[in-house]
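Architecture at a glance
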Amino acid sequence: MSATKRGDTLCVFINGKKVTEDHADPETMLLSFLREKMRLTGTKSGCGGGGCGACTVMVSRYQPATRIISHYSANACLLPLCQLHGAAITTVEGIGSSKTRIHPVQERLAKAHGSQCGFCTPGMVMSVYTLLRNNAQPSMEDVTQALAGNLCRCTGYRAIIDGCRSFCQENGCCRSRCGDETPATHQEKPRLFHQEDFLPLDPTQDLIFPPELMLMAETASPQTLTFYGERTTWVSPASLEELVQLKTRHPAAPLVMGNTNTGLDMKFKGVHHPLIICPSRVRDLYEVSRTPQGVWVGAGCTLSELLGLLEKLLPDFPEEKTQLFRALIQQLGRLGNQQIRNVASLGGNVVSAYPNSDMNPVLAAGNGKVRLVSAEGRREVPLNQDFFVGFGKTILKPEEVLLSVFLPFTRKGEFVRALRQAPRKEVSFATVTTGMRVWFSEGSRVVQEVSIYFGGMGPTTVSATRTCDAIVGRPWDEATLSQAYNVLLDELALPPSAPGGKVDFRRCLTLSLLFKFNLEVLQKLREMKVLDEVPEKLLPLPRDIQPTLQEFQAVSEDQNHQDPVGRPVMHRSAISQATGEAVYCDDMPKTDGELFLVLVTSSRAHAKIIDMDVSAALQLPGVVDVITAKDIPGKKERAMFGYSEELLAQTEVACIGQMVCAVVADTKAHAKRGAAAVKITYEDLPDPIFTIQDAIERSSYFEPQREIERGNVDAAFSRVDRVHEGVVQMGGQEHFYMETQSMLVVPVGEEAEFNVYVSTQWPTLTQDAVAETLDIPSNRVTCHVKRMGGAFGGKVIKTSILASITSVAAWKTNRPVRCILERGEDMLITGGRHPILARYKVGFQQDGRILAADLQYYANAGCAVDESVLIAEKILLHMDNAYNIPNMRGRAAACRTNLPSNTAFRGFGVPQSLLVVENMLNDVALVLGRPADQIREINMYQGPSTTHYKMEFSPDNLLRCWDVCKTRCDFTARRTAVHQFNQHNRWKKRGMSIIPIKYGIAFAESFLNQAAALVHIYKDGSVLVTHGGTEMGQGIHTKMQQVASRELHIPPSKIYISETSTSTVPNTCPSAASFGTDANGMAVKNACEILYKRLEPIREKNPKGSWESWVRAAFFEKISLSATGYHRGPDLYIDWDKMEGQPYAYFTFGACCSEVELDCLTGDYRTVRTDIVMDIGRSVNPSVDIGQIEGAFMQGLGLYTLEELKFSPSGLLYTRGPSQYKIPAICDMPLRFNVYLLPESYNPHAIYSSKGIGEPALFLGSSVFFAIKDAVAAARSESGLVGPFSLDSPATAEKACMACASPFTQKVPASKPGSFKPWALNI
Ligand SMILES: Cc1cc2nc3c(=O)[nH]c(=O)nc-3n(C[C@H](O)[C@H](O)[C@H](O)COP(=O)(O)OP(=O)(O)OC[C@H]3O[C@@H](n4cnc5c(N)ncnc54)[C@H](O)[C@@H]3O)c2cc1C
Ligand code: FES
Ligand code: FES
């Protein structure tokens, strides 16, 4: 098969325009077609595997038989172009543009401040647009469902929800601003946005479905379509007969329907299919027919169509007949997300036979069956344990096609249920999923039939047959069930090293899900009047998102109305981001001769490189070169803290994922194939170190280790009433910036000059790194940063290394080279937040006063030092948090291991440090049996205070935040309500916690506290501002525009910021440490002041003149209209020998209270309410700052409760994409999420009395961790367990459930550590 062979011409409409393609390649997905061929770069790539929603588009199709046009959202990354013949695609560019008219969805997301870095925004826009296209007045539930598959790493979702809420019938927007207050106060309170300003939704603005496609669908003669690609042929038959013939001739060819399974195998596992059969045009696969026994549903129906069909069927039948339908509806609502359900087929799900398929256990338990067709004829087969024969395997013969699935009606007395528990409530494969059915004869509790199937308990769907045998024929009562639990535990006994891990939890879940089923069956028996007394119903966790409050101080009435400082000004690029016009690194058009670079990484954790054979790679089509360390003309390594890190490994590798060489080719696909063809021979070195425990045992540390002590800790321990010791472990975190590491290096062509377009927080570091690598002066390298799609600390050191490697390729080939990491590569290579292990000993008095604390922190740094020593230092500097502990000692060590090197991440060690100290306080409360908030209050700094490193400060605003938070969240009354709730609920518990934060701002490395700016005024009066800060969504450019506007006394619309560039502002410092606005704001202010002063004589001459007239006059009077500004920041330091210093300019304070409801049977929880009070001085921009607070909080919530990195025993990161690594989604948002900025706070140390806020609120996410811990403590007390207990972070459903120590967890015999090789390491 070859690309030159002429196939059919593909016809698709994109944004109303007809596009035809004579050589549609079956391996091309819509996403790359849109971005590369159509230059429609609004649709983003965040994961490539259906898990993030950044690539969401709307697909519209016309069905001639029904004359219905359907519109549905889909992930362009998984949509094969060839499947779209006859479809109309709408992308974000197609619904509105800043050049013509923006669409209300784009406008509202932008104006409601729902776009920060903006990388997720086009996907969000398209999900909501599609929803509105189908339902102009959706409910909030519709909105959250539509957005369930769209991840955002910046905003915390609240703002997005508020923007979308304005489309809903139950629009609670007014209440969201003023609670129960009267309309009069409503007028006075400043608001983040004004709904009254929004454009109305106008359906006439929508593109109509192309009439040409309707005609095409109605008149086209049904014929096979064939498309030939470079390596693959696509055949789309038009009839069942032809499909069967094809499958007979090509039994190995996959049938691609939704491509949500096949596509992932091709993309991520390198599976290649020379032939793909696409049966989506075969009508028979969509037929639905009713029989007296049930309903046959065509295997081609998508899961959304199935859901719609079942919902439609319900009213047509009595409830008793539709038990299976109801269970399926329940399951379908939680399966994947809308984009997936809209394309994934029922048949595809059944045949894929995933171990944790949600459909199969329910269909099997519900007596479903399938109809298969092949050249030999048709057969019907029951969907039972014999159907699933192994991982991804069923009894289907290779040549058979699944035609339809039979869904039987249930009988009187029959009851079917679907239950599941997943790592995240939505858009997550289940840990354990189940379908259970029981049938009672009338008027009896004796079980006639029972059927129980589980997913997640083996290589495929499994039947609990022995358990069913223990139940059938017996009365449904306690005796039968307790016997059933024992049999079930024995029957589904996973080996301790079973793939997927979580073995004890999974075994426990089988029991608790059966128990949940029991509770529902008992209700059913009561309804059947077989039983009178039954336990109370176990209600699901609450899920309704409530209107919220965001309060901030209004600007003074005297402030000039044109002065934007202090006002909630929209992010300056929000509209461009929402329309898809904003340009990110990979959106830049391809330049002539451009190459793509793909890295080859080590597959061994610790090994010698014996040989590297690149010959096969060089033979492949499109491959231009392979770059190795030998090609580097300058420095081949980077030194930090006396340790050197190689850019590309030469003789030895120290982790899986270490970069060894790079392949450059004409396209990404060719470079990927080239990289796969590089053969590296290794010789393993003994005993790699992975875990912190291993590192401690082998004293594997990066030096220096740090220690700090205040008072006399040892002496204090001998005086205290009580001593308690504890250990806590905290996992790492992946940055998961939505835009992966991205760069484009362009040789200018003369005098070794290079332009580097890169997504980095620190352009100067990249400039220096590239210059050193190429052995050229820095003045030949210009780094340009337009914007980043998120960074969170991960785009500093690692980016400079990647850019250096890319620059070698550009230098060697003398061609532009682009490197955009795929999500999996990014997660594998670039490291993240340091996991830690901490031991503590605390001495305290009976009254709760802590007099002594000794803390030892170990951080897993990975194989290179990076910033690990600085992170260890910051851990120690923050170990006091808000508490005045008179005798305190901390030691911190960065452990050297054979894992990818960890790096900076928002908070820079502080989130790890504080979790430990707060856990220690929590333990003190548990030992003393007193509320944790009281212990916190007793120990908090009061009055003029000094930290353990002898820095003086006033904690007044910390205490104010605490008090205001307690009042605003109604702490005391709600604490009582929580207690009452817990007394009345056995299996659900509520927990509540309030946590303070004191966060130091600026760099302890004094030289980093400086910034510069360059401001040009052009003759037309427009102003161009450049400064050293980089825009990563945190709104720094918006704030700088506000600063320039105030200082120059002109509206922000006259001011533009185009990029950050090392050629305009040299020697920049990183945008980090929450110090970007402080430093750059002062520099911009300085430059503007200089310019404004220069204009003074002109203004005096013509006081009534306009800005433009002054500028023109100044030019003619030869006054320079360009100025640099500079800010020399504070001289901060920390002296580790003397254990003292002034490492921070000031502190940002805050407090946060969260309440959760925990399902003790499964560990599932929901944050029902969060209230945050932050002292950020006088905010320069409250909408931006509130966005930072909410986003950081949610990232913290992810860190402490959800996000788990898993490594194999050989050191390979398993979690390399959103399907394995769960960051918070909309379903994780607190149901009430209130943020208050502390009024009347001033800060003399930063611009306009503001405070840095990028990082501090991340730690507040731990309030959810401690609320879960509080709920777990309540659950444990039901089992008679009181006092401190261990709960490591993240407090996932697994950990929370196991810590609850319910009768079910206690039944599961714990696997003995050391007696088996676990599936995943506890790093
Ligand atoms: C992000 C994401 C989240 C997901 N979450 C869940 C979840 O929570 N729960 C869950 O159960 N599933 C989940 N899935 C899996 C999804 O439901 C399945 O991948 C999907 O149903 C498969 O259908 P498809 O049409 O896309 O199959 P395709 O990928 O098109 O095909 C899959 C396989 O089925 C075969 N096949 C398809 N149709 C037929 C037929 N008619 N006859 C014979 N063989 C056939 C193909 O040959 C191929 O081998 C998720 C998937 C993704 C990408
Ligand atoms: S890029 Fe398509 S879903 Fe993530
Ligand atoms: S704004 Fe959503 S990912 Fe950045």
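Up top is the structure these notes are about.
First, a word on scope: everything that follows refers to the structure included in this document.

Regarding its fold elements, the protein chain presents 40 helices and 50 strands. Relative to a compact globule of 1323 residues, whose C-alpha radius of gyration would be 34 Å, the protein chain shows 31 Å and is just as compact. The burial tally for the protein chain puts 64% of its 1323 residues in the buried class. In the protein chain, the share of contacts with a sequence separation of at least 24, taken over all contacts with a separation of at least 6, comes to 78%. Here the protein chain has roughly 46,100 Å² of accessible surface; of this, 51% comes from carbon and sulfur atoms. Averaging the positions of the 137 positive and the 140 negative side-chain charges in the protein chain gives two centres separated by 2 Å.

Our next topic: the sheet that holds strand β10 (residues 294-298). Spatial ordering of the open sheet is given by β9-β10-β15-β11-β12, a layout of 5 strands whose pairing is antiparallel. Of all strands in the sheet, those bounded by a partner on one side alone are β9 (288-291) and β12 (377-382). Within the sheet, the average angular offset between the axes of one strand and its neighbour, ignoring direction, is 20°. Of the strand pairs in this sheet, β9 and β10 are connected by 4 bridges, and their pairing is antiparallel. Opposite Ser289, over in β10, you have Trp296 as the bridge partner. Helix-sheet contacts for helix α12 (residues 303-313) involve β9, β10 and β15 (401-408), and the interaxial angle to β10 is about 160°.

A few words now on unusual backbone geometry. Phi is mostly negative for residues that are not glycine, and the peptide bonds are mostly trans. Between Glu703 and Pro704 the backbone carries a cis peptide bond, its omega angle lying at 0°. Looking at where Pro704 falls in the secondary structure, it is placed in strand β29 (residues 701-710). Omega for the bond connecting Ser1289 with Pro1290 falls within 30 degrees of zero, at 0°, which places this linkage in the cis form. With respect to the secondary-structure elements, Pro1290 resides in the loop between α38 (1262-1278) and α39 (1293-1300). One non-glycine residue, Asn367, adopts positive backbone phi at about 65°. Tracing the sequence through the fold places Asn367 in the loop between α16 (359-365) and β11 (369-374). Classification of Asn367 by relative accessible area gives partly exposed; the value is 40%. Residue Tyr1248 is not a glycine yet carries a positive backbone phi of 50°. Along the chain, Tyr1248 falls in the loop between β50 (1232-1237) and α38.

For the rest of this paragraph, the subject is helix α32 (residues 971-984). For α32, built from 14 residues, the straight-helix expectation of 20 Å at 1.5 Å per residue is met to within 8% by its first-to-last C-alpha distance of 20 Å. Here α32 has its buried residues at Phe971, Arg974, Val978 and Asn982. Buried residues in α32, looked at end-on, bunch into an arc of 80°, giving them a common side. Those residues of α32 that are exposed and angled more than 90 degrees off the buried face are Thr972, Gln983 and His984. In the core, the buried residues of α32 are packed alongside α30 (932-939), α31 (956-968), β40 (988-1001), β48 (1146-1159), β49 (1165-1175) and α38.

This part covers the site of ligand 1. Near ligand 1 there are 32 residues, and of these Met257, Thr260, Ser345, Tyr354 and Asp358 occur at the shortest range. Asn261 is positioned with one of its backbone polar atoms (N or O) 2.9 Å from an oxygen atom of ligand 1. Tyr354 places a side-chain nitrogen or oxygen 2.6 Å from an oxygen atom of ligand 1. Relative to its free-state accessible area of 980 Å², ligand 1 is covered by the protein chains to the extent of 94%. Breaking the shell around ligand 1 down by element, the ones donating at least two residues are α11 (262-268), α15 (346-352) and β15. Ranked by residues supplied to the shell around ligand 1, first place goes to α15 with 4 residues. Among the residues forming the shell around ligand 1, the class breakdown is 16 nonpolar, 14 polar and 2 charged.

Turning to the sheet that holds strand β7 (residues 233-236), a few remarks are in order. Reading across the sheet, the 3 strands line up as β6-β7-β8 and stay open at both edges, with mixed pairing between neighbours. This sheet does not close on itself; its edge strands, each paired only once, are β6 (225-228) and β8 (275-277). The mean angle between the axes of side-by-side strands here comes to 15°, regardless of whether they run parallel or antiparallel. When β7 meets β8, the two strands line up parallel, connected through 3 bridges. What sits directly across from Val235, in β8, is Ile277.

Counting across every chain of the model gives 79 salt bridges. Between Glu380 and Arg371 there is a salt bridge, with its nearest N and O atoms 3.1 Å apart. With its nearest N and O atoms 3.1 Å apart, the salt bridge here joins Asp1131 to Arg1128. The exposure class assigned to Asp1131 is exposed, which follows from its relative accessible area of 51%. Of the residues examined, Arg1128 reaches a relative accessible area of 58% and is grouped as exposed. Here the salt bridges do not stand alone but share partners, grouping Arg974, Lys988, Arg990, Glu1155, Glu1157, Arg1169 and Asp1171 into one network.

Another point: the packing of aromatic side chains. Applying the stated rule across the entire model yields 30 aromatic pairs. Summarising the aromatic geometry, the rings of Phe1265 and Phe1266 are spaced 5.0 Å apart at their centres and angled 85° between planes, so their arrangement reads as edge-to-face. Following the ring pairs from residue to residue traces out a cluster consisting of Tyr941, Tyr949, Phe953, Tyr1144, Phe1147 and Phe1149. A cation over an aromatic ring shows up here: Lys321 above the ring of Phe409, its NZ or CZ 4.5 Å from the ring centre. Of note, Lys998 hangs over the ring of Phe953, and the distance from its end group to the ring centre comes to 5.7 Å.

Here we take up the nonpolar core. Judged by nonpolar contacts, the single largest core of 257 residues is most densely connected at Tyr157 and Tyr857. For Tyr157, the contacting residues outside a window of four places in its chain are Met124, Asn150, Leu151, Cys152, Met1194, Pro1224, Ala1225, Ile1226 and Met1229. Grouped together as the second largest cluster of nonpolar side chains are 71 residues, Ala24, Phe317, Phe325 and Val343 included.

Calculation rules
- Residues numbered from 1 in each chain as written.
- Chains lettered and ligands numbered in written order.
- Predicted model: local features only at pLDDT ≥ 70, side-chain atom pairs only at ≥ 80, totals over all residues.
- Heavy atoms only, no water.
- Helix = DSSP H or I, 4+ residues; strand = E, 2+ residues; numbered from the N terminus.
- Rg over C-alpha atoms; globule rule 2.2 N^0.38 Å.
- Buried < 20%, exposed > 50% of the residue type's maximum accessible area, 1.4 Å probe, protein only.
- Contact = heavy atoms within 4.5 Å.
- Areas by Shrake-Rupley, 256 points an atom, 1.4 Å probe, with all protein chains shown as cover.
- Lys, Arg positive; Asp, Glu negative; His and termini not counted.
- Charge placed at Lys NZ, Arg CZ, Asp CG, Glu CD.
- Pairing = 2+ DSSP bridges.
- Axes fitted to C-alpha atoms, helices over the stretch in contact; angles between N-to-C directions.
- Expected span 1.5 Å × (residues − 1).
- Arc of directions from axis to C-beta.
- Near = heavy atom within 4 Å.
- Polar contact = N/O pair within 3.5 Å; in protein donor to acceptor, adjacent residues only side chain to side chain.
- Nonpolar A, V, L, I, M, F, W, Y, C, P; charged D, E, K, R; others polar.
- Salt bridge = Lys/Arg side-chain N within 4 Å of Asp/Glu carboxyl O.
- Phe/Tyr/Trp six-rings, centres within 6.5 Å; stacked < 30°, edge-to-face > 60°.
- Lys NZ or Arg CZ within 6 Å of the ring centre and 35° of its normal.
- Core = buried A, V, L, I, M, F, W, Y, C linked by side-chain atoms within 4.5 Å.

Remember that the coordinates give geometry; whether it matters functionally is a separate question.
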